[in-house]
Amino acid sequence: MQENSYPRPQLRRTSWVSLDGAWRFAFDPDLRQRVPADVKEWPLQIQVPFAPECERSGIGDQGFHRACWYEREFELAPEWVRDRRRVLLHFGAVDYHARVWVNGMKVAEHEGGHTPFHADITFALKSSGPQRVTVWAEDDPHDLEKPRGKQDWRLEPHAIWYPRTTGIWQSVWLESVPSTYLSNLRWTANVERWEIACSAFTAGLQREGLQLAIKLSCGDRVLADDIYIVVGSEVHRRIGLSDPGIDDYRNELLWCPERPTLIDADVKLVCDGEVLDEVKSYTALRTIGVQREKILLNGRPYTMRLVLDQGYWPESLMTAPSEDALKRDVELAKAMGFNGVRKHQKLEDPRYLYWADKLGLLVFGEMPSAYRFTTKSIKRLLKEWVEAVERDMSHPCIVIWVPFNESWGVPDLNTHSAPRDAVAAFYHLTKTL
C-alpha cells in the first residue's frame with residue numbers, strides 16, 4: 001500500500017479494498033427509475049471516482065443531468081468470510097443525494113455532496129460469489145439552495161464558476177472490521193500543558209471490559225504508552241507528555257510548516273487481553289490563536305503567506321487526477337514560497353490534508369456555499385458543515401474554518417438580521433464543535 005493511498009489517513013486499517021475503477025453507468029434524466037431493478041440498460045462505463053462531467057471519467061458530458069446510476073460487482077476477501085468479519089462500505093463524497101443498494105437491498109442514504117458516509121453491509125452480503133453494489137445519485141443542476149461551491153448552474157461555465165460535479169467524486173472502498181471496532185478518533189493538542197487529548201469511539205456489538213491502548217511515538221522515541229478503560233462506547237483522555245523544559249527539544253516536537261513533526265499513534269481496542277481491533281493514526285503538537293492583529297502559531301506571532309486554491313484540475317475537475325497529484329499540489333505551493341492555502345469553496349480530499357500535515361502547509365477549511373438564503377439552504381449547510389468539521393478537526397494543517405465565503409448565501413447582511421444571525425450561529429457552532 002502506498003503511503004498516501006488509504007482514503008481515510010487518520011484512521012487506517014490493513015484490511016481494506018478500493019472499489020475505484022470501472023463501473024457501469026447510466027443517466028436518469030427523468031427520475032423514473034426508483035430502484036436498481038428499474039435500470040434495464042447500462043449504456044456507459046465510468047471510471048470512479050471521476051465525475052461524468054470530466055474527461056478522466058471516460059464520459060466527459062457537461063450537459064444538465066438530474067440523476068445517474070452506478071453499478072459494479074466485487075468479491076469478498078476469503079479471510080473476511082473465514083473470520084466472519086463485518087464489512088463496511090465507504091464513500092468519500094457523492095454529489096448530492098445518494099442511495100446505495102447491495103445485492104438489491106438498500107443499505108444507505110445520504111444527503112450532502114462533500115462529506116463522507118458509510119454503511120455496514122454485512123446483512124446484505126451473499127455467502128459466496130460476486131456481490132453487487134448499485135448507487136443512485138441525484139444532483140439537480142438548477143438547485144441554488146444546496147451547498148455547491150464553484151459549480152455553475154448555467155450550461156456553460158461563466159465568470160468565476162466551473163463545470164458541475166455530479167455523483168461519485170471521491171474514493172469508494174470496502175473495509176473489514178470485527179464485531180466491536182473503533183469507529184472514530186479525535187485528537188486535540190495543548191502546547192501550554194504539553195499534552196494531547198484523545199477521544200475514541202467504538203461501534204458494533206457492545207462488550208464489557210473494553211480497554212483502549214494508545215502508543216504515541218515520534219520516530220524511534222516513545223512519547224506515551226498507556227491503557228484506558230472504555231466507558232460505554234467512548235474514551236476521553238488527556239495524555240500528558242514529558243516536558244523537556246528545553247526550547248530546542250520542545251521546538252523539535254512542535255508542528256509548523258517549516259518543521260512539520262507528526263506524532264504516530266498506534267491504537268488498539270482490547271478485551272480480556274485479546275486485541276479486537278487495531279488502527280494507525282497520527283497527530284501533532286500545534287496550537288493556533290489570535291492576539292490583536294497577529295496570528296499566533298504555537299504561541300508565537302506567525303506571518304501567513306497564502307494562496308487561494310480552487311482545487312480544480314482541467315482534466316478531472318474536483319477530483320485529483322492521481323494520488324501523486326495531491327502531494328504535488330502541496331509541494332508546488334511550498335516551492336512557490338507559500339506556507340498555506342485557503343481551499344476556496346471546496347472540502348478537499350482527506351489525502352490532500354494528509355500531505356499538508358506531513359509536508360507542512362497551513363490549510364483553511366471552507367464550506368462550499370449555497371446561493372440562496374432559505375430555511376432549507378441553512379438546514380442543508382448546517383448538516384454538512386457539522387460533518388465537515390468532524391471529518392477534518394484532527395488535522396494539524398487545518399488552522400482556520402470558513403463556514404461562509406463573503407456574503408455568498410447570506411445576502412443583505414447590512415439590512416436584514418436573519419443572515420447575520422446565521423453567520424453568528426455558525427461561528428458559535430464551529431467553536432462548540
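In this text the structure is predicted, and so the values were computed from the model without any measurement. Each chain carries its own residue numbering, running from 1 in the written order of its sequence. In keeping with the model being predicted, local features are shown solely for residues with a pLDDT of at least 70 and side-chain atom pairs are shown and tallied solely at 80 or more, while totals for entire chains, interfaces and linings include all residues. Each side-chain value is worked out from all heavy atoms of the structure, with water and hydrogens disregarded.

A.B. asks: Quick question: what am I supposed to make of unusual backbone geometry here?
C.D. replies: Glycine aside, residues mostly have negative phi, and peptide bonds are mostly found in the trans state. Put simply, Val48 and Pro49 share a cis peptide bond, and its omega is 15°. Numbering of helices and strands starts at the N terminus; helices are DSSP runs of H or I of at least 4 residues and strands are runs of E of at least 2. Inspection of the secondary structure assignment puts Pro49 in the loop between strand S3 (44-48) and strand S4 (67-74). Residue Tyr96 follows Asp95 across a cis peptide bond; omega there is 15°. Relative to the helices and strands, Tyr96 is located in the loop between strand S6 (94-95) and strand S7 (97-102). For Asn103, which is not a glycine, the phi torsion comes out positive at approximately 55°.

A.B. asks: Help me understand the pairing of strand S21 (residues 274-283), please; the structure alone is not making it clear to me.
C.D. replies: Along any regular strand the residues' side chains alternate between the sheet's two faces. Whether two strands pair depends on DSSP finding at least two bridges between them. By the bridge criterion, nine bridges tie strand S20 (residues 263-271) to S21 in an arrangement that is antiparallel. Pairing of Cys271 across the sheet is with Glu274, part of S21. Connecting S20 to the next strand, S21, in antiparallel fashion are two residues, including Asp272 with a positive phi near 55°.

A.B. asks: What is the right way to look at helix H5 (residues 375-392) in this model?
C.D. replies: Working rule for helices: expected span equals 1.5 Å times residues minus one. A rise of 1.5 Å per residue sets the reference length of H5, with its 18 residues, at 26 Å; its end C-alpha atoms lie 26 Å apart and thus fit the reference within 8%. Only protein chains enter the accessibility calculation, which uses a 1.4 Å probe. A residue is then buried if its area is under 20% of the maximum for its type, exposed if over 50%, and partly exposed in between. Listed as buried for H5 are Ser377, Ile378, Arg380, Leu381, Glu384, Trp385, Ala388, Val389, Arg391 and Asp392. Projected down its long axis, H5 shows its buried positions confined to an angular sector of 155°, all on one face. Projecting away from the buried face of H5 at angles above 90 degrees are the exposed residues Thr375 and Lys379. Among the structural elements, strand S8 (105-111), helix H4 (350-359), strand S27 (362-366), strand S28 (398-402) and helix H6 (417-432) are those in contact with the buried residues of H5. It is the directions from the helix axis to the C-beta atoms that the arc portrays. Throughout, a residue-residue contact means that at least one pair of heavy atoms, one from each residue, lies within 4.5 Å.

A.B. asks: Sorry, what's going on with the sheet that holds strand S17 (residues 234-240) here?
C.D. replies: Sheets are built from strands paired through backbone hydrogen bonds, the pairs being either parallel or antiparallel. One open sheet accounts for three strands, arranged S13-S14-S17; its pairing is antiparallel. Strands at the two margins of the open sheet, each flanked by one partner only, are strand S13 (180-190) and S17. When the angles between neighbouring strand axes are averaged without regard to direction, this sheet yields 20°. The pairing of S13 with strand S14 (residues 195-204) spans 10 bridges and is classified as antiparallel. Paired with Asn190 across the two strands is Glu195, which belongs to S14. With axes taken as lines fitted to C-alpha atoms, and helix axes fitted only over the stretch in contact, angles between N-to-C directions fall between 0 and 180 degrees.

A.B. asks: I tried to follow the nonpolar core on my own but got confused; where do I start?
C.D. replies: The tendency in soluble globular proteins is for nonpolar side chains to be buried side by side. Among buried residues, those of type Ala, Val, Leu, Ile, Met, Phe, Trp, Tyr and Cys that are joined through side-chain atoms within 4.5 Å constitute a nonpolar core. Of all hydrophobic cores here, the largest spans 32 residues; its most connected members are Trp187, Leu212, Ile214, Leu216, Leu241, Val267 and Leu285. Elements with a minimum of two residues in this core: S13, S14, strand S15 (210-218), strand S16 (221-229), S17, S20 and S21. Not counting residues up to four positions away in its chain, the partners in contact with Trp187 are Ile196, Ala197, Cys198, Ile214, Leu216, Ala265, Val267, Ser281, Tyr282, Thr283, Met393 and Ser394. Core analysis: the next-biggest nonpolar cluster, separate from the first, contains 31 residues, Phe74, Ala77, Val100 and Leu125 among them.

A.B. asks: I keep staring at the environment of Arg300 and nothing clicks. Help me out?
C.D. replies: As for its position among the elements, Arg300 is in strand S24 (residues 300-301). Between the C-alpha atoms of Arg300 and Gly289, which are 11 residues apart in sequence, the distance is 9.0 Å.

A.B. asks: Can you walk me through the packing of aromatic side chains in this structure?
C.D. replies: Aromatic ring pairs are defined here through the distance separating the ring centres and the angle between the ring planes. We call Phe, Tyr and Trp rings a pair once their centres come within 6.5 Å, taking the six-membered ring for Trp, and we label the pair stacked below 30 degrees between planes, edge-to-face above 60, and tilted otherwise. Within this structure, the stated rule accounts for 18 aromatic pairs. When the ring of Trp161 is compared with that of Tyr371, the centres are 6.2 Å apart and the planes differ by 75°; the resulting orientation is edge-to-face. Of the two residues, Trp161 sits in the loop between strand S10 (131-138) and strand S11 (167-168) while Tyr371 sits in the loop between S27 and H5, which places them 210 residues apart along the sequence. Here Trp161 and Tyr371 have matching classes, each one buried. Ring geometry for Trp385 and Trp401: centres 5.9 Å apart, planes at 90°, overall edge-to-face. Residue Trp385 is found in helix H5, and its partner Trp401 is found in strand S28; the two are separated by 16 residues along the sequence. Ring pairs connect the aromatic residues Trp23, Phe25, Phe27 and Tyr70, which therefore count as one cluster.

A.B. asks: It is not clear to me how the pattern of salt bridges should be interpreted in this structure. Could you clarify?
C.D. replies: In a structure, side chains of opposite charge can pair up when their charged atoms sit close to one another. We define a salt bridge as a contact between a side-chain nitrogen of Lys or Arg and a carboxyl oxygen of Asp or Glu at a distance within 4 Å. Across all of its chains, the model carries 33 salt bridges by this definition. In this structure, the salt-bridge partner of Arg86 is Asp120, at a minimum N-O distance of 2.7 Å. Pair noted here: Arg86 is in strand S5 (residues 86-91) and Asp120 is in strand S9 (residues 117-120), with a separation of 34 residues, a long-range link. Judged by its relative accessible area of 25%, Asp120 is partly exposed. Taking the shortest distance from any N to any O, the salt bridge between Asp266 and Lys280 comes out at 3.2 Å. A residue pair is termed long-range when its members are at least 10 positions apart, and Asp266 in strand S20 and Lys280 in strand S21 qualify at 14 residues.

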